[in-house]
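Single-letter residue listing:
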Amino acid sequence: MGVVKIWNAMEVAEEARENPNLSSDIKSSSLTVDHSLSLPHMKPRIIELCKDLFKEWSELDDSRFAVDTVSGGITNLLLKASVKEESGNDVSVTVRLYGPNTEYVINRERELQAIKYLSAAGFGAKLLGVFGNGMVQSFINARTLVESDMRKPKLAAEIAKQLRKFHEVEIPGSKEPQLWNDISKFFEKASVLEFDDSEKQRMHKMISFKEIHDEIVELKELTGLLNAPVVFAHNDLLCGNLMVNDEEEKLYLIDFEYGSYNYRGFDIGNHFNEYAGYDCDYSLYPNKDEQYHFFRHYLQPDNPLEQVPDKDLEALYVESNTYMLASHLYWALWGIIQAKMSPIDFDYLGYFFLRYNEYKRQKEKSFLLAQSFLSGSGTM
């Protein structure tokens, strides 16, 4: 495997503090927290971290702190740390531990730079501090969505509206879409991996990387003809990265670790793929009516009942259902890398085959849809 730069959270925090465009209130600590510890063993380390980051808590007795698990995804662990301050106030923060070796697939520098601007635009939690293998953010009082929530018309409409606003945020730096760069990097890493586990090595040998390479080239060429708008995209809008406060009816988009400038249709097509969940039940992929409901609220977030031009709906439908294929290739290759790097107990190689096989199942239909659209609009 080629040399992979590991981003240092401390360096990024220092850069953020020196950037005049950003607030200088990001705290930093050199401490790390072992991801593999059980919660009772992790708690003292989290308390030590909080005291190191927030000087006003440094003298408080440990008994004033509580630590609970919010969620454990297949890459990150989210914890809620609560403290009863001297004043009697109860304050909570979210401690996010990066999964071990996730730097191989996530550009942490890109993430931390974007968070400040997204937070200023009202997205996600406020970044309070960074430490050796994670970050601390303000606590959001809301529940994480489950897969079935995403297809509820009211929530789907709200996700679409929020995503449109998210796509309008300007993040400084290169505006070049990262999809094919990221897929290319994943491909290079995944294709040369060797596994100590003989069963994993056997499964890896069954993968035809030449075939995958040819698929990437063909799909990149086709999607390039669509001239899809480039936006700052979330790129990982699954149910675990959406939270809702049911009483206030407020939706939150969280976790921007895969965020980058990218094609609008990729972000939406990827979101639709996530209706299937980790079990990859693609019978749950939204039908055309459900997609058009989403598109109307995305294209006209302030007045979705107003007539949306058919050509705009059709263009977004074609875009989303063509880039949906790229989403399968992206996460399939990601799965191979995680099978090698992640200590989390999840069948990542099995996940590769589920995603890649679904790509092959959907390819002909999606290609025909795009080619028909392009020939009708005079591009082909």
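Residues numbered from 1 in each chain as written. Predicted model: local features only at pLDDT ≥ 70, side-chain atom pairs only at ≥ 80, totals over all residues. Heavy atoms only, no water.

The name given to the chain in an unreviewed UniProt entry is ethanolamine kinase, with the source organism recorded as Castanea mollissima. The UniProt entry for the chain carries the following comment under Pathway (unreviewed entry): "Phospholipid metabolism; phosphatidylethanolamine biosynthesis; phosphatidylethanolamine from ethanolamine: step 1/3." UniProt's Sequence similarities (unreviewed entry) comment on the chain is quoted here verbatim: "Belongs to the choline/ethanolamine kinase family." (UniProt positions renumbered as here; feature names shortened; annotations may be inferred.)

Colleague: Can you help me understand empty space enclosed by the protein in this one?
Modeller: Where empty space is left can be seen by rolling a probe of water-molecule size over the atoms. Tallying each qualifying case throughout the model produces 3 cavities of 30 Å³ or more. Considered as a void within the structure, the largest cavity measures approximately 150 Å³ in volume. Along the wall of the largest cavity there are 13 residues; nearest its centre are T94, A125, I140, M243 and I254. Residues belonging to the lining of the largest cavity are distributed by class as follows: 8 nonpolar, 4 polar and 1 charged. (1 Å grid on protein atoms, 1.4 Å probe; cavity = no way out; pocket = protein on both sides within 12 Å on 5 of 7 lines; lining within 4 Å. Points joined across faces, edges and corners; volume = space filled by probe spheres on them. Nonpolar A, V, L, I, M, F, W, Y, C, P; charged D, E, K, R; others polar.)

Colleague: How do you make sense of the pattern of salt bridges when you look at a structure like this?
Modeller: Side chains carrying opposite charge are able to pair once their charged atoms draw close together. This structure, assessed with the given rule, holds 26 salt bridges. Of the charged contacts, one joins D90 and K84 as a salt bridge, the two residues approaching to 3.2 Å between their closest N and O atoms. With relative accessibility at 39%, the residue K84 sits in the partly exposed group. For E257, the salt bridge goes to R108, with nearest N and O atoms at 2.9 Å. Taken together, the residues E257 in the loop between β10 (250-253) and β11 (260-263) and R108 in helix α3 (residues 108-120) connect sequence positions 149 residues apart. On the basis of relative accessibility, which here comes to 3%, the residue R108 falls in the buried class. (Salt bridge = Lys/Arg side-chain N within 4 Å of Asp/Glu carboxyl O. Buried < 20%, exposed > 50% of the residue type's maximum accessible area, 1.4 Å probe, protein only. Helix = DSSP H or I, 4+ residues; strand = E, 2+ residues; numbered from the N terminus.)

Colleague: What is the right way to look at the sheet that holds β10 in this model?
Modeller: Sheet strands associate in pairs through backbone hydrogen bonding, adopting either a parallel or an antiparallel arrangement. Across the sheet, which stays open at both edges, the 3 strands sit in the order β7-β9-β10 with antiparallel pairing between neighbours. Two strands close off the open sheet at either side, each with one partner strand: β7 (143-144) and β10. Those strands touched by helix α4 (residues 153-167) are β9 (242-245) and β10, and its axis lies near 50° from that of β10. (Pairing = 2+ DSSP bridges. Contact = heavy atoms within 4.5 Å. Axes fitted to C-alpha atoms, helices over the stretch in contact; angles between N-to-C directions.)

Colleague: How should the packing of aromatic side chains be read in this particular structure?
Modeller: Given two aromatic rings, one states the distance between the centres and the angle between the planes to describe the pair. Evaluation of the coordinates by the stated rule reveals 28 aromatic pairs. Pairing Y263 with Y323 gives two aromatic rings, centres 5.0 Å apart and planes at 20°, and the pair type is stacked. Of this pair, Y263 sits in strand β11 while Y323 is found in helix α10 (residues 310-341), placing the two residues 60 residues apart along the sequence. Looking at Y263, the relative accessible area reads 17%, which means it is buried. By relative accessible area, Y323 is classed as buried at 1%. Judged by centre distance (5.6 Å) and plane angle (20°), the ring pair of F352 and Y356 falls under stacked. Of this pair, F352 and Y356 both sit in helix α11 (residues 348-376), 4 residues apart, which is roughly one turn of that helix. (Phe/Tyr/Trp six-rings, centres within 6.5 Å; stacked < 30°, edge-to-face > 60°.)

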